[in-house]
Amino acid sequence: MAMMISARGRRSALTSLYNLSVYRPALVAASGKILRRPLSTEKTVTDTLDHRLRRDVRMLGGILGETINKHSGKEIFNHVEELRYLAQALRSGETELSNLAEKVKTLSAEEILGVSKGFAHFFALANTADNHHRVRSMRESIQASKSLGVPRQEDSSLGTIENLLKRNIATPDEIIKALGSQKAELVLTAHPTEINRRTLLAKHRDVAKRLEVLEQIDLAGGAEVTGRFEADEAVKGLTRAVEALWTSDEVRRNKPTPQDEARAGIAVIEHVLWAAVPSYLRRLDGVLMETMGKTLPIHACPIAFASWMGGDRDGNPNVTPEVTREVSFTARKEAAILYLRDVRDLRIELSTTKCTPELREIVGETREPYRKICSQLEHDLSATVDALQGMVDGHLEPDVQALPIHSQKQILEPLLKMHESLLATGQEAQANGPIVDVIRRVRCFGVCLAPLDIRQESTRHTEALDAITRYLGVGSYAQWDEKTRQSWLLMELQSKRPLLPRLGSSTELGLGEVVQDTLRTFEVAATLGEEALGAYVISMATSPSDVLAVKLMQKEFCMPWNMRVVPLFETLDDLEQSEDTIRTLLGLPWYRGNINGKQEVMIGYSDSAKDAGRMAAAWAQYKAQERLAGVAEDAGVQLTFFHGKGGTVSRGGNPALYEAIMAQPRGTVNGHFRVTEQGEMITQNFGHPGIAVNTLDTYTAGILHYGFEPPAVPSGKWRKTMDRLSEVSCEAYRDIVRRDERFVPYFRTATPELELGSLNIGSRPAKRRPTGGVETLRAIPWVFSWTQTRLNLPAWLGVADALSELASTDDGKATLRSMYDEWPFFATNIDLFETILAKSDVEIAEHYDKELVSDVKAKELGAELRRRLQETSAEILKVSERPDLIAYNEVLRWQLVLRKPYLDPVNVMQAHILHRLRSGAFGSLEEEQHLKDALVITIKGIAGGMRNTG
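Residues numbered from 1 in each chain as written. Predicted model: local features only at pLDDT ≥ 70, side-chain atom pairs only at ≥ 80, totals over all residues. Heavy atoms only, no water.

### Remarks on the packing of aromatic side chains
Applicable threshold: The pairing test for Phe, Tyr and Trp rings, Trp by its six-membered ring, is centres within 6.5 Å, and the orientation test on the planes gives stacked under 30 degrees, edge-to-face over 60, and tilted for anything in between. Numbering of helices and strands starts at the N terminus; helices are DSSP runs of H or I of at least 4 residues and strands are runs of E of at least 2. Between buried and exposed lies partly exposed: a residue is buried under 20% and exposed over 50% of the maximum accessible area for its type, with that area taken using a 1.4 Å probe on protein chains only.
Summed over the entire model, instances satisfying the criterion amount to 27 aromatic pairs. Relative to F642, the ring of W308 has its centre 6.0 Å away and its plane inclined at 85°; by these criteria the two rings are edge-to-face. On the criterion of sequence distance, the pair formed by W308 in the loop between strand 4 (303-307) and helix 13 (321-349) and F642 in strand 9 (residues 638-644) is long-range, its members being 334 residues apart. Pair check on accessibility: W308 and F642 agree, each one buried. A network of ring pairs unites the aromatic residues W274, F305, Y339, F445 and F686 as a single cluster.

### Some points on the nonpolar core
Heads up, the rule is: Only buried residues count toward a nonpolar core. Its members are Ala, Val, Leu, Ile, Met, Phe, Trp, Tyr and Cys residues joined through side-chain atoms within 4.5 Å. In this document the domain limits rely on a domain assignment from an automatic tool or a database. Any two residues having at least one pair of non-hydrogen atoms within 4.5 Å are treated as being in contact.
F305, L415, F445 and L465 are the most contacted members of the largest nonpolar core, which totals 158 residues. For this core, the leading source of residues is helix 12 (residues 258-292), giving 15 residues. Among the domains, domain 1 (150-188 + 254-443) and domain 2 (454-495 + 509-643) are the pair contributing at least three residues each to this core. Those residues in contact with L465 that sit more than four places away from it in its chain are Y477, W488, L489, A549, L552 and M553. A129, V242, L756 and L903 belong to the second largest nonpolar core, which has 66 residues in total.

### Let's talk about the confidence of the model for the chain
The predicted coordinates should not be examined in detail at positions where pLDDT is low. We count it as follows: What pLDDT reports is the predictor's confidence in each residue, on a scale of 0 through 100.
With 88% of its residues at a pLDDT of at least 70, the chain reaches an overall mean of 88. Here residues 1-47 is a poorly scored stretch, pLDDT under 50, and it has 94 contacts once near neighbours within four places are set aside; other chains count. Across residues 648-654, confidence stays below pLDDT 50; counting only partners more than four residues off in sequence or on other chains, it has 37 contacts.

### A word on the pairing of strand 5 (residues 452-457)
Rules: In this scheme, strands are said to pair when DSSP sees at least two bridges between them.
Most of strand 5 sits out of view: 6 of its 6 residues are buried. Alternating residues of strand 5 divide into L452, I454 and Q456 and D453, R455 and E457, and every residue in both groups is buried. Pairing between strand 5 and strand 6 (residues 533-539): 5 bridges, direction parallel. Bridge pairing in strand 6 links I454 to Y536.

### Some details on the UniProt feature "active site" (unreviewed entry) in the chain
What counts, and what does not: UniProt positions are given in the numbering used here, feature names are shortened, and annotations may be inferred rather than shown by experiment.
UniProt annotation of "active site" (unreviewed entry) refers to H191 and K610 when read in the numbering used here. Mapped onto the fold, K610 is located in helix 25 (residues 606-612). Judged by relative accessible area, K610 falls into the buried class, the value being 12%.

### Here we look at unusual backbone geometry
Leaving glycine aside, a negative phi is the common case for residues, and trans is the common case for peptide bonds. In this structure, C558 is a non-glycine residue whose phi angle is positive, near 55°. As for its position among the elements, C558 is in the loop between helix 22 (544-556) and strand 7 (565-569). The backbone phi angle of N596 is positive, close to 55°, even though this residue is not glycine. Assignment of secondary structure puts N596 in the loop between helix 24 (589-594) and strand 8 (598-604). According to the relative accessible area criterion, N596 is exposed, its value standing at 62%.

### Things to note about the pattern of salt bridges
Defined as follows: Each reported salt bridge corresponds to a side-chain nitrogen of Lys or Arg within 4 Å of a carboxyl oxygen of Asp or Glu.
All chains considered together, the criterion is met by 68 salt bridges. Measuring nitrogen to oxygen at the nearest pair gives 3.0 Å for the salt bridge that ties R674 to D453. Here the residue R674 occupies a position in strand 10 (residues 672-678), and D453 occupies one in strand 5, the gap between them amounting to 221 residues. Comparing R674 with D453, the two get one shared label, buried. Across the pair K623 and D723 runs a salt bridge whose closest N-O atoms are separated by 3.3 Å. With K623 in helix 26 (residues 614-635) and D723 in helix 30 (residues 716-737), this pair connects stretches of sequence that are 100 residues apart. When salt bridges that share partners are traced, they join E185, D453, R564, E600 and R674 into one network.

Given below as structure tokens:
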């Protein structure tokens, strides 16, 4: 029976979120002045949060409430408020979850759709306000520290440099040299964790801009100083944006194509990073000038970007060779368009007639030498745009070398000549103006914005070579042992003859379609140009022959440059065997001669955690990196680690970027840190220019600090402790996930896993192979499913078993505590476990079981897992010695407290929707569609509310 709400109580609930008489963004006082909302003087737990963030959230909630009333009616509005009121009563202990569930059951499919929209949009708007507040807080921190450009704190470049200088760890020259050579390479990937449509993301950017306008009005002294018009226009703009969000279709009606995903990545660069990168580097110049009286060399750029969008074909049949070429050409075209705008602005800027004799010799007798160079660049860039469009449309032959501008050098050289001339003729102000920003963009983004990595699964290469060896009549490559494979591959690599007859195309050999696709990928890649491609990543790499196989196919299709080949070690077994694999490769004379003293290895965080559990995977990754670094050092080879992390703890994510870098094993960063930025993390870290600048600064600071003060090597006792923790946690994890016959039925009924595969979230299928069980499920939907139910099982399962065994003795307790206090790797992981546990909810997870799980044994497993979740929280707190989860992060604690009354109804609705869809409890196709749309929206809502998905 639903809890009865009095009329007075309902009015109170309505007022608290939407009533504009309290939260209207612009109020006219008796004096005629426009004011922002009045703030309550009542002290509550929310006083922990900045009152301005609460004000902005309430303002946006008020506009959303008006919009719901206007476009969907008072009934939907009232349903939203009643559910929220019940959820608040639940959290304060005044009612039970069953009352919330009963209310949801009274809603029609159409009403559930409208109500779920209300909650999902509220979370999205709250997140936009939160991002805006982050930028505001960073700005105030900079102002308070009286620094130039970045905050004075431990994880900033300013804090790091001051610390290194103060303690005589590094000299100014050493710091400049390090910054000139170090690199954070951020690889944007299109995993289906960003579930919002690009259309909606663009509208949220508009909301953020309006909030910034209102902020500037406040900073200027309020509307009474700047005038009512500006404030009123900003509020009208917010209302338009929210109305546009509400009336837009937030559900993707078709799966995004790889081209769509690539365009989303390009949009992040165009709308945010194009401005953020030079802005950040100017701030870094300010830091260096303030601390050392120097600036960054013009050639230095400690940030780089790459992309998997359109290049990652691992298990994704939609990424064909033709798609990769189209994405690459589209990125080139967009880069040329962006440079064209910059050069046009430079032409207007650089009207000066003074130049060096060297520049005069290049331009001839012209009155405005700089404008002449800019005009030529404009012409060439414009022609490049036209040519690339013709190639994408199929009107022109795809030929990179035929482009007027096909390399970074063609843009950089004339820019540098102009810059040198300006400096040499005493025009320092112009030399240090916009031209520096353009030069730095060229250094960072090149002519392709973000070079594409190619990724393919090792078995595809094995299958292709097996077809080739059978075609050649030399046997079955797939059936050969590793030694035979290596011998044959090395023989062919050193042969001067081609492996296959030159028939003009791989399709003419009569091989199967899958093999043709694999070979065609190499054929197309060889034509895209060196600057367009990054690494060739081999997923599920297990042996040296996996790397040699790719090298052979690159040779076969005449790759004009030595594209680096990167084995990806993902499972626990692969990580443990990675040392032997790399040692064998580096011991091969041909291979050593081919790689020019450089090797890259990718560490997979997602699949290893899915295979062994988060704790065991983290330790296996740590040890593998240590061993691989030792192998490379012995061989005199420079080793770069590529970290394949997701957004969540279960997939290696760590919101504390600086701490994550400092927690890497000693000797494994070495000035170069390559890492994936996946899904919703791209929006969170780079969705706003101010946040993007802070993210770039954090990466720079972490790599710089690590280079001069790498973390200590753990003691033998700590290693033995971690070995035991890993062993126990892995066994406990696998006992459930692999060996418990109740697990798969429970997983597939208690979570939305079955439904996720049919949703239009990403271009890639949920499984590597269409058939198969949980073992073939990708790590992303695996984690995504548990995140939705708020059980978050992959992140913590097995941890309690391990910690409780070690903590059963006084010596074990003391060891764990010393590890937490003194070892960044261990402390970082314990804190991450604590964060994910704080985001988990036993009662909500139990509700999914009640709604969806009918099998008695599966229900018993669900109860056991919830008990383990609570035990894990207790064991973590014993190690951290804190009274409550995330007690060290008061802001996050209260953010969760405030969000849960909005999250709970969405979870309850999702469980109810799943029940109705699975049981066929709908009367028409229209009702079914409403429920399916509502399911997608609840997934968005929960992801937005928790600020992470998969």
